[in-house]
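Examining the three-dimensional arrangement
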Amino acid sequence: MESDNLKEMLKFLNIILNEQKYAEDKGLIKKTSDEISDLLVDENQMNDTTLELIKHNINYLDRKYDDLYDLTNLYDPIYISYKKQIHNKYVAELRKKNKQKREGN
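Definitions and cut-offs
Residues numbered from 1 in each chain as written. Predicted model: local features only at pLDDT ≥ 70, side-chain atom pairs only at ≥ 80, totals over all residues. Heavy atoms only, no water. pLDDT = per-residue confidence, 0-100. Helix = DSSP H or I, 4+ residues; strand = E, 2+ residues; numbered from the N terminus. Axes fitted to C-alpha atoms, helices over the stretch in contact; angles between N-to-C directions. Parallel < 35°, antiparallel > 145°, perpendicular 65-115°, else oblique. Left-handed = near helix turned anticlockwise from the far one by under 90°. Contact = heavy atoms within 4.5 Å. Nonpolar A, V, L, I, M, F, W, Y, C, P; charged D, E, K, R; others polar. Salt bridge = Lys/Arg side-chain N within 4 Å of Asp/Glu carboxyl O. Buried < 20%, exposed > 50% of the residue type's maximum accessible area, 1.4 Å probe, protein only. Core = buried A, V, L, I, M, F, W, Y, C linked by side-chain atoms within 4.5 Å.

1. A look at the confidence of the model for the protein
- For the protein, the mean per-residue pLDDT works out to 89, and 98% of the residues sit at or above 70.
- Confidence, expressed as mean pLDDT per element, reaches its minimum in the protein at helix H1 (residues 2-17) with 88 and its maximum at helix H3 (residues 48-64) with 92.

Shown next as structure tokens:
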């Protein structure tokens with residue numbers, strides 16, 4: 001599901017990148033598009049910083065341009081899912097460390 005939403009967002013961003021209406025924010029749109037492209041190539045690059053950067057950029061575009069609300073609707077489930085994955089990975093590592101401490105290693 002995440003990759004489908006990411007692909008849809010990427011397609012949407014690439015379409016609006018060439019529209020004159022969004023020329024003022026062309027750099028931001030391109031940067032966001034590049035970040036999403038990188039995630040599609042390698043999901044291991046996903047971290048809190050990347051998530052927050054994309055979220056910030058999309059929220060900015062959504063507030064500035066009323067017709068870009070679809071970006072937020074597409075990104076929110078992705079954001080929640082990846083945040084949960086990052087959290088679960090952190091918790092698993094923390095549990096492993098604590099188990100090693102209890103075992104005396």
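Next comes the rest of the write-up.
2. Points about the packing of H1 against helix H2 (residues 26-41)
- Interaxial distance between H1 and H2 falls to 9 Å at its minimum, and their mutual angle equals 150°. Comparing their axes, H2 and H1 come out roughly antiparallel. Two packed elements cross with a definite hand, and for H1 against H2 that hand is left-handed. From H1, Ser-3, Leu-6, Lys-7, Met-9, Leu-10, Leu-13, Asn-14, Ile-16 and Leu-17 reach across to H2, where they touch Lys-26, Ile-29, Lys-30, Thr-32, Ser-33, Ile-36, Ser-37, Leu-39 and Leu-40.
- Along the lines of polarity and charge, the residues of the contact of H1 with H2 split into 10 nonpolar, 5 polar and 3 charged.

3. What about the pattern of salt bridges?
- Applying the stated criterion to the full structure yields 7 salt bridges.
- For Glu-8, the salt bridge is made with Lys-11, and the minimal N-O distance between the two is 3.9 Å. Here Lys-11 and Glu-8 lie together in helix H1, a separation of 3 residues that amounts to about one turn.
- Given a relative accessible area of 48%, Lys-11 falls into the partly exposed group.
- For Lys-64, the salt bridge is made with Glu-24, and the minimal N-O distance between the two is 2.6 Å. On the criterion of sequence distance, the pair formed by Lys-64 in helix H3 and Glu-24 in the loop between H1 and H2 is long-range, its members being 40 residues apart.
- Note on Lys-64: relative accessible area 31%, which makes it partly exposed.
- Exposure remark for Glu-24: the relative accessible area of 65% places this residue in the exposed category.
- Linked through salt bridges whose partners overlap, the residues forming this network are Glu-24, Asp-25 and Lys-64.

4. A look at the nonpolar core
- Formed by 23 residues in total, the largest nonpolar core has its most connected members in Met-9, Ile-29, Ile-36, Leu-68, Leu-71 and Tyr-75.
- Those elements that provide at least two residues to this core are H1, H2, H3 and helix H4 (69-103).
- Not counting chain neighbours up to four residues away, the residues in contact with Leu-71 comprise Met-9, Phe-12, Leu-13, Ile-58 and Leu-61.

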